[in-house]
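One-letter residues, chain by chain:
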Amino acid sequence: MNMKTGEGGTMTSGPRRQAEDLRSARWFRSDDLRSFGHRSRVLQMGYDYEDFIGKPIVAILNTWSDLNQCHSHFRQRVEDVKRGVLQAGGFPVELPALSLSESAVKPTTMLYRNMLAMETEEQIRSHPVDGVVLMGGCDKTTPGLVMGAISAGLPMIYLPAGPMLRGNWRGRTLGSGSDAWKYWDERRAGNLSETQWGEMEKGIARSYGHCMTMGTASTMTAIAEALGLCLPGASSIPAADANHIRMSAACGRRIVEMIWDNLTPDRILTAQAFDNASTIAMATGCSTNAIIHLIAMARRAGVALHLDDLDAKSRHTPVIANIRPVGTDYLMEDFFYAGGLPALMSRLGERLNRNCLTVTGRTLGENIADAEVFNDDVIRSLDNPIYAEGSLAVLTGNLAPDGAVIKPAACDDAFLVHEGPAYVFDSYPELKEKTDDESWDIPPDAVLVLRNAGPQGGPGMPEWGMLPMPRALLKKGHRDMVRLSDARMSGTSYGACILHVSPEAYVGGPLALLRNGDTVRLDVPNRRLDMLVADEEIAARKAAWVQPEKRFERGYGWMFSRHILQADKGCDFDFLETGFGSPVGEPDIY
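### A few points about the layout of surface pockets
Within this model, the largest pocket holds a volume of roughly 1,400 Å³. At the level of elements, helix H8 (178-188), helix H9 (194-203), helix H10 (216-227) and helix H19 (428-435) are the ones that each hand at least two residues to the lining of the largest pocket. In terms of residue count, the dominant contributor to the lining of the largest pocket is H8 (six residues). When grouped by side-chain class, the residues that make up the lining of the largest pocket number 22 nonpolar, 15 polar and 13 charged. Approximately 770 Å³ is the volume found for the second largest pocket.

### Quick look at unusual backbone geometry
Cis peptide bonds are those with omega within 30 degrees of zero, and the linkage from Lys-106 to Pro-107 qualifies with 5°. Assignment of secondary structure puts Pro-107 in the loop between strand S2 (91-96) and helix H6 (113-126). At Leu-100, a residue that is not glycine, the phi angle is positive and equals roughly 55°. The residue Leu-100 is located in the loop between S2 and H6 in this model.

### A look at the side chain of Ser-485
For Ser-485, the position within the fold is in strand S11 (residues 482-485). Take Ser-485: its relative accessible area is 0%, and that puts it in the buried class. Not counting residues up to four positions away in its chain, the partners in contact with Ser-485 are Leu-450, Gly-465, Ile-498, Leu-499, His-500, Val-501 and Leu-511.

### Concerning empty space enclosed by the protein
Following the criterion strictly, the structure yields four cavities of 30 Å³ or more and no others. By volume, the largest cavity amounts to about 70 Å³. Lining the largest cavity are Glu-225, Gly-228, Cys-230, Leu-231, Pro-232, Pro-342, Met-345, Thr-358, Leu-364, Asn-367 and Ile-368. Among the elements of the structure, helix H17 (340-347) and helix H18 (364-367) are those that each provide at least two residues to the lining of the largest cavity. The residue inventory of the lining of the largest cavity, partitioned by class, reads seven nonpolar, three polar and one charged. Its volume calculated, the second largest cavity comes out at about 60 Å³. Within the lining of the second largest cavity, the residues separate by chemical class into six nonpolar, two polar and two charged.

Cut-offs and rules
- Residues numbered from 1 in each chain as written.
- Predicted model: local features only at pLDDT ≥ 70, side-chain atom pairs only at ≥ 80, totals over all residues.
- Heavy atoms only, no water.
- 1 Å grid on protein atoms, 1.4 Å probe; cavity = no way out; pocket = protein on both sides within 12 Å on 5 of 7 lines; lining within 4 Å.
- Points joined across faces, edges and corners; volume = space filled by probe spheres on them.
- Helix = DSSP H or I, 4+ residues; strand = E, 2+ residues; numbered from the N terminus.
- Nonpolar A, V, L, I, M, F, W, Y, C, P; charged D, E, K, R; others polar.
- Buried < 20%, exposed > 50% of the residue type's maximum accessible area, 1.4 Å probe, protein only.
- Contact = heavy atoms within 4.5 Å.

Shown next, in the form of structure tokens:
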């Protein structure tokens, strides 16, 4: 990665701002009582006027915590960012932000993505800062931070946490999540001992950093880079690599220049930039969660992005990143050595809008002009893809009028056209108990269904969608079946899992009307998902349907339930979307 190339801007327009033009000057430059108080309180911390007066003040939003394993290196990386800010003549200030550890936060981090977005927006707006470095990586931190910073509107640059090192067990390479699901099924089938399982537990996650498969974390940081919000190649650098330290300092230097040039996100996040991000998502074999987050970020930026747009993009964009779970052999560490995201972008040619402006001050095309691919098996050519179409497919039909999502690139072709009887469950505990019953007589062509697990029903749309295989079928050698839910699934997951059914069952979507034994028809080539039930019968069931009990009676959850949008619209809060009302102005200072 050429950090020198990544830092120098050439395309920013208009004169550079002067010290008196800085936003922070409103707090510190006036000769009045209020500014006296602001200056004296900074001096109280041991700083002097030379440290902050007339300098760009850079907020560093750090999602580090003792319980976020993906960001455990951020305590040091924030010091690297500060070093870069100081080198460029700025004044760095660290602001803590909601950490959102994917493995620790329950019932799901998705319940709190919008809380992070709100916190990010208000942290930026309320403090005397001129620009921001966003430090994230673990799944929901990327969209949460970016959504909030879009709404705040100040210059921003995204610093991705980076993937962890590849896992290892008895000489076998292990991939985050993907191998956990795979070997858990083997353990449930009786093929893996407790000792072996314990060894694997210690070997699958060997360093700080986020999942090193092309799960949601790697997908979303790649999308951030494709949008133009990262330095070139930043999203591919392993967290434990020394290049990550240098990249962090470079982010600090670059944000200072962006502030002087007033390079704001509205100049970067155009419809063409989101088109690039959609292309990159499909070409990398992205997580199914990408659809929800991309739509939410686009709507924050005032860009109309719909499920149909993403499905059309998928039909014409082959998967060329040979990274698990869609790929067969490689992980993000291998992707970095093969040239990383700039190298993959170089292979996409005219499929990308190369004139899009990025945080470097240069165009995307300029950023990747010298990119090379160093391993043709990790980053394939367009005529030798891992999968001929993109990673995802959007389905509609009488079970999902507003859409559902499947990842055909990560499931057996035998399930792409399928009919089978529904086995329906209204709660995860009920489902888990039944799937663990070895005597359960369920046919392999059955469609396993979980409902009331969507945005409101979950609550928060947990990653329960890779429904556990029935132990009875595992014992007979089966490792996949069609599974259907209004939940999400981990980006590291795989299989014939239909997700994000909209509208969700909890609010009366058609999934709520499905009954045991109803035939479900899946037709991925024609993008259809239907229950073979007469319209009159569906209408009668709808008339008799009773909404489940409320999930929350107070607090954040109560607000969440009243304002969360459905999956096809990105699951943002309705009042946070750009179109909800006039932009929020600068805070009064009196």
